[in-house]
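Residues per chain, in single letters:
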Amino acid sequence: QVHLVESGGGLVQAGGSLRLSCAASGFDSVTMAWFRQAPGKVREFVAGVRWSGGSAYYADSVKGRFTISKDNAKRTMSLQMNSLQPEDTAVYYCAASSYDGSRSAPLYHYWGQGTQVTVSS
């Protein structure tokens, strides 16, 4: 059975930091990623990491502020978010795909339940 479980969301002031984690089980993936969805907006790609090799890629809006990482042995993925801004407020989702390096949500077959990140100004 496939499971992706996120943790680490919360409320933080602008300029602050949060760390999200995702625990994965029940499948093998090529790429794992974080997406986010703000109220009234489409789900957007945030950051991804290739499970083999570990190369990472980011949306321009978070490049230089967010860092994605993974631990193959523990099958976990993390997102360190620094210099958070109110526009980063959204539900953040962990996702897994059998495609290499995708930024497209429809190509991700497995999703976590989401964790809320709220950044106050």
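Shown above is the structure to which this text applies.
Residues numbered from 1 in each chain as written. Predicted model: local features only at pLDDT ≥ 70, side-chain atom pairs only at ≥ 80, totals over all residues. Heavy atoms only, no water.

(A) Representation of the sheet that holds strand β8 (residues 76-81). With antiparallel pairing, 4 strands are arranged side by side in an open sheet as β1-β3-β8-β7. The open sheet has two edge strands, β1 (3-7) and β7 (66-71), and neither has a second partner. The average undirected angle you get between the axes of adjacent strands in this sheet is 15°. (Pairing = 2+ DSSP bridges. Helix = DSSP H or I, 4+ residues; strand = E, 2+ residues; numbered from the N terminus. Axes fitted to C-alpha atoms, helices over the stretch in contact; angles between N-to-C directions.)

(B) Looking closely at the environment of valine 2. Looking at the secondary structure, you find valine 2 in the segment before β1. The exposure class of valine 2 is partly exposed, given its relative accessible area of 29%. Taking the C-alpha atoms as reference points, valine 2 and glutamine 113, 111 residues apart in sequence, are found 12 Å from one another. Each residue touching valine 2, except ones within four places of it in the same chain, is listed here: Ser25, Gly26, Phe27 and Tyr110. (Buried < 20%, exposed > 50% of the residue type's maximum accessible area, 1.4 Å probe, protein only. Contact = heavy atoms within 4.5 Å.)

(C) Quick look at the environment of glycine 10. Checked against the element boundaries, glycine 10 lands in strand β2 (residues 10-13). For glycine 10, a relative accessible area of 24% corresponds to the partly exposed category. Contacts of glycine 10, omitting those with residues within four sequence positions, involve Leu18, Gln116, Val117 and Thr118.

(D) Quick look at the pairing of strand β9 (residues 90-97). The buried count for β9 comes to 7 of 8 residues, which makes it a mostly enclosed element. In this sheet, β9 lies alongside strand β4 (residues 31-37) in antiparallel orientation, the contact comprising 7 bridges. Paired with alanine 33 across the strands is alanine 95, a residue of β9. In terms of strand pairing, β9 meets strand β11 (residues 115-120) through 3 bridges, oriented antiparallel. Note on β11: the bridge partner recorded for tyrosine 92 is threonine 115.

(E) Up close: the pattern of salt bridges. In the structure shown here, the tally under the stated rule is 5 salt bridges. The partner of lysine 63 in a salt bridge is aspartate 60, with the nearest N and O atoms 3.2 Å apart. On the accessibility criterion, aspartate 60 (66% relative accessible area) is exposed. With its nearest N and O atoms 2.8 Å apart, the salt bridge here joins aspartate 88 to arginine 65. Here aspartate 88, found in the loop between β8 and β9, pairs with arginine 65, found in the loop between β6 (56-58) and β7; they are 23 residues apart in sequence, far enough to count as distant. (Salt bridge = Lys/Arg side-chain N within 4 Å of Asp/Glu carboxyl O.)

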